[in-house]
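Coordinate analysis (summary)
Next come the chains, spelled out residue by residue.
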Amino acid sequence: MLRLCAKIVADTDLYETDKEVQNLIDWVCLSEQIKENNNTIRNLTGEYKKIEPDCREGVRAQLDRMKELCKERNNLYEKQNDLKGQKWKIEKSLKR
């Protein structure tokens, strides 16, 4: 269809002289561009869907590791507080 439009534009003066021909050719060209864009969108979406699960798994693994680190840190804070409390008791008993 595009080749026909190109031939009409190249070989005749209909595009310049006939508004209906101009509109039809513009419509065909725009329709083809829309079709190409839709194909590109589909290809990009397909590629995204192939990549997405691995990315999510990587992020999920990192988030899980971060949770583990926070849990370990919190446990160490609690132990530190317990140790400080024990140290304080010892120091208090030594002062007597």
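Residues numbered from 1 in each chain as written. Predicted model: local features only at pLDDT ≥ 70, side-chain atom pairs only at ≥ 80, totals over all residues. Heavy atoms only, no water.

Some remarks on the pattern of salt bridges
Rules: One speaks of a salt bridge when a side-chain nitrogen belonging to Lys or Arg is within 4 Å of a carboxyl oxygen belonging to Asp or Glu. Secondary structure elements are taken from DSSP: a helix is a run of H or I of four residues or more, a strand is a run of E of two residues or more, and numbering for both begins at the N terminus. Here the term buried applies to any residue with accessible area under 20% of the maximum for its type, exposed to any over 50%, and partly exposed to those in between, with areas from a 1.4 Å probe on protein chains only.
Tallying each qualifying case throughout the model produces six salt bridges. The residue K35 makes a salt bridge to E32 at a minimum N-O spacing of 3.3 Å. With K35 and E32 both in helix α3 (residues 19–95) and three residues apart, this pair spans about one turn of that helix. Overall, K35 belongs to the partly exposed group, its relative accessible area being 46%. Here R56 makes a salt bridge to E52, at a shortest N to O gap of 2.8 Å. Taken as a pair, R56 and E52 lie in helix α3 at a separation of four residues, close to a single helical turn. For E52, a relative accessible area of 22% puts it in the partly exposed group. Through salt bridges with shared partners, a single ionic network connects R65, E68 and E72.

Here's the deal with the packing of helix α1 (residues 2–11) against α3
Note the cut-off: Axis geometry follows a simple rule: fit a line to the C-alpha atoms, using only the stretch in contact for helices, then measure angles between N-to-C directions, giving values from 0 to 180 degrees. Working rule for handedness: look at the near helix, and if it is turned counterclockwise from the far one by less than a right angle, call the crossing left-handed; if clockwise, right-handed. Contacts between residues were defined by any pair of non-hydrogen atoms, one from each residue, lying within 4.5 Å. Note on residue categories: nonpolar means Ala, Val, Leu, Ile, Met, Phe, Trp, Tyr, Cys or Pro, charged means Asp, Glu, Lys or Arg, and polar means any other residue, Gly included.
Remark: α1 packs on α3, axes separated minimally by 10 Å, with the N-to-C direction vectors making an angle of 145 degrees. Of the two elements, α1 crosses α3, and the hand of that crossing is left-handed. On α3, the residues touching L2, C5, I8 and V9 of α1 are V21, I25, V28, C29 and E32. Across the contact of α1 with α3, the residue classes tally to eight nonpolar, no polar and one charged.

A short note on α3
Operational definition: Two axes enter the bend calculation: one fitted to the seven residues ending at the residue in question, the other to the seven starting there, and the bend is the angle between them. Side-chain atoms alone can form a polar contact between residues adjacent in sequence; in general such a contact is a pair of N or O atoms within 3.5 Å, and within protein one must be able to donate a hydrogen while the other accepts it.
When the local axis directions of α3 are compared, the greatest deviation, roughly 30 degrees, occurs at I51, which is followed within four positions by the proline P53. All buried positions along α3 are accounted for by V21, I25 and V28. Next to the buried residues of α3 lie α1 and α2 (14–17). Where α3 begins, the side chain of D18 points an oxygen toward the backbone nitrogen of E20, at a separation of 3.0 Å.

Things to note about the state of the cysteines
Think of a disulfide as a covalent bridge from one cysteine sulfur atom to another cysteine sulfur atom. Quick note on the threshold: By definition, disulfides here are pairs of cysteine sulfur atoms that lie within 2.5 Å.
Inspection of the entire model under this criterion finds zero disulfides. Of all cysteine sulfurs in the structure, the one in C29 sits closest to C5, which takes part in no disulfide; the separation is 5.3 Å.

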